[in-house]
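The lines below spell out each chain.
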Amino acid sequence: MVALFNNKTMFLSPILTAILCLCFVLAGAELQRFNHPVKPDGSLSVMVVGDWGRRGTRNQSQVALQMGIIGEKLNIDFVTSTGDNFYDNGLTGVDDPAFDESFSKIYTASSLQKQWYTVLGNHDYRGDVLAQLSPMLTKRDRRWFCQRSYIVNAEIAEFFFVDTTPFQDKYFTEEEGHTYDWRGVFPREEYLSNLLKDVDLALRESTAKWKIVIGHHTIRSAGHHGDTMELVTQLLPILQENNVDLYVNGHDHCLEHISSLNSPLQFLTSGGGSEAWRGNVKWWNPKEMQFYYDGQGFMTMKITETEVEIKFYDIFGNVLHKWTATKTLHSPIYVEKLVVEDLSYGEICNKMY
Ligand SMILES: *[C@@H]1O[C@H](CO)[C@@H](O)[C@H](O)[C@H]1NC(C)=O
Ligand SMILES: [Zn+2]
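Residues numbered from 1 in each chain as written. Chains lettered and ligands numbered in written order. Predicted model: local features only at pLDDT ≥ 70, side-chain atom pairs only at ≥ 80, totals over all residues.

Q: Would you mind going over the overall build of the protein chain with me for this structure?
A: In terms of regular secondary structure, the protein chain is built from 10 helices and 16 strands. Per-residue burial over the protein chain gives 43% buried out of 353 residues. Contacts in the protein chain between residues far apart in sequence, at least 24 positions, make up 73% of those at least 6 positions apart. (Helix = DSSP H or I, 4+ residues; strand = E, 2+ residues; numbered from the N terminus. Buried ≥ 20, exposed ≤ 12 C-beta atoms within 10 Å, placed from the backbone. Contact = placed C-beta atoms within 7 Å.)

Q: Whenever I open this one, unusual backbone geometry confuses me. Can you help?
A: Leaving glycine out, the prevailing phi sign among residues is negative, and the prevailing peptide bond configuration is trans. Asp88 follows Tyr87 through a cis peptide bond whose omega is -10°. Examined against the element boundaries, Asp88 turns out to sit in the loop between β3 (78–81) and α3 (98–104). Here the residue pair Phe186 and Pro187 is connected by a cis peptide bond, since its omega of -5° sits within 30 degrees of zero. Locating Pro187 in the fold gives a position in the loop between α6 (170–173) and α7 (188–205). Here the phi dihedral of Glu155 falls at roughly 60°; this positive angle occurs in a residue that is not glycine. Note that Glu155 resides in the loop between β6 (150–154) and β7 (157–162).

Q: Hey, could you run me through the site of ligand 1 in this one?
A: Looking at ligand 1, the residues that line it are Arg58, Asn59, Ala276, Trp277, Gly295, Gln296 and Ile315. Residue classes in the shell around ligand 1 are distributed as three nonpolar, three polar and one charged. (Near = placed C-beta within 6 Å. Nonpolar A, V, L, I, M, F, W, Y, C, P; charged D, E, K, R; others polar.)

Q: When you look at the UniProt feature "binding site: Fe cation 2" (unreviewed entry) in the protein chain in this model, what are you seeing that I'm missing?
A: Summarizing the sequence annotation, UniProt attributes the feature "binding site: Fe cation 2" (unreviewed entry) to Asp84, Asn122, His216 and His251 in the numbering used throughout. Spatial clustering of the annotated residues is evident: they stretch over 168 residues in sequence, but the largest pairwise C-alpha distance comes to 8.4 Å. Note on placement: Asp84 falls in the loop between β3 and α3. C-beta crowding within 10 Å serves as the criterion here: with 30 such atoms nearby, Asp84 is assigned to the buried category. Once residues within four sequence positions are removed from consideration, Asp84 is found in contact with Gly50, Asp51, Gly121, Asn122, His123, Asp124, His216, Gly250 and His251. Looking at the element boundaries, Asn122 is found in the loop between β4 (115–118) and α4 (129–133). (UniProt positions renumbered as here; feature names shortened; annotations may be inferred.)

Q: Would you take a moment to explain the pairing of β7 for this structure?
A: On a regular strand, one side chain projects to one face of the sheet and the next to the other, so that they alternate. Counting buried positions along β7 gives six out of six residues, so the element sits mostly inside the fold. Side chains Ala157, Phe159 and Phe161 of β7 all project onto a buried face; the interleaved residues Glu158, Phe160 and Val162 project onto the opposite face, where all are buried too. As defined by bridge partners, β6 adjoins β7 across five bridges and the pair is classed as antiparallel. Residue pairing in the sheet places Val152 in a bridge with Phe159 of β7. For β7 and strand β8 (residues 210–215), the ladder comprises six bridges, and the chain directions are parallel. (Pairing = 2+ DSSP bridges.)

Q: Is there a simple way to think about the environment of Thr92 in this case?
A: Its location among the elements puts Thr92 in the loop between β3 and α3. As a C-alpha pair, Thr92 and Ala131 span 39 residues in sequence and 7.7 Å in three-dimensional space. When sequence neighbours within four positions are dropped, the list of residues in contact with Thr92 reads Gly127 and Asp128.

Q: Can you walk me through the sheet that holds strand β10 (residues 255–259) in this structure?
A: Whenever strands of a sheet pair, they do so through backbone hydrogen bonds, lying parallel or antiparallel. Judged by pairing direction, the sheet is mixed, and its eight strands sit side by side in the order β1-β6-β7-β8-β9-β11-β10-β12 without closing on themselves. At either margin of the open sheet sits one strand with a lone partner, and together these are β1 (32–35) and β12 (289–293). Neighbour-to-neighbour, the strand axes of the sheet open up by a mean angle of 20°, direction not taken into account. Note that β1 and β6 share four bridges and pair parallel. The residue of β6 that forms the bridge with Phe34 is Val152. (Axes fitted to C-alpha atoms, helices over the stretch in contact; angles between N-to-C directions.)

This is the structure:
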């Protein structure tokens, strides 16, 4: 009896496998998940920079130099780019020298020789998008890792990278004089609805202590671009429903921290990788606005099972703003928000707030 059963199983298994494969195909592609180990002490240090690739100009090299120094101090585990990796128009192809001139030859410090998890910004979509996503770039510089939307699972924290550019209507309708490479995005409605479904499902299933979502575009910002309404209406409700702790973005060329009055979600902009000082800052409710700096710099996150510490740095290595959140060890619920210190120095950092 047992032997017969075994024979049957062996006979059926290829068919079952085929059916299972078909089901997966029909269910759509889930977000791919990549594992990143934590340090032996269980902590994780991450550096975040955005809006940078300008062949070293507009203080990009100064930001890079300071990232190297702070990266060494914090012994960072990986770097995250919030997009607009190559100005003005992304990469022309996998051989574009801008990749060396704006990335490999700029972020040369030994502390920055880590994995770079990157997303695409609107400027990247103006070039050859498939080039930035190509494994050929990882062959040119093994730090480079870019996909449209994916998950990095680091045990205590999960990072959900979301491709935000296709959400913004104006890139599809407005005559801006720019062309965008929408290969892989059309049909747009389907692309967006699948993406939202995938993000929602991944967040729902996540058991990580800290859930951090990273995209290029702002959700909340007092900077030049301001809020991205498409994300406010479509993505934000999903983040709130699933108790996301941090939304991290670039796009506005500043350093900024906005909290929510009605949820623990924090909005963190790290878009100071090169050109900044736009001087276009809108009024924001001071109860939500924790920090705004209109100049260049970057952000770090130090994460343990019970604590997240955010710091913003300028190009001289000054800590402009520091913020800490804690959770109790066994509760998945965020229990306490504690603004430890606001080290913003001088008027240039806190012009309005
Ligand atoms: C570079 O940074 C310094 C210090 O913040 C600033 O004074 C200067 O204007 C910046 N240069 C550019 C081109 O943004
Ligand atoms: Zn942008």
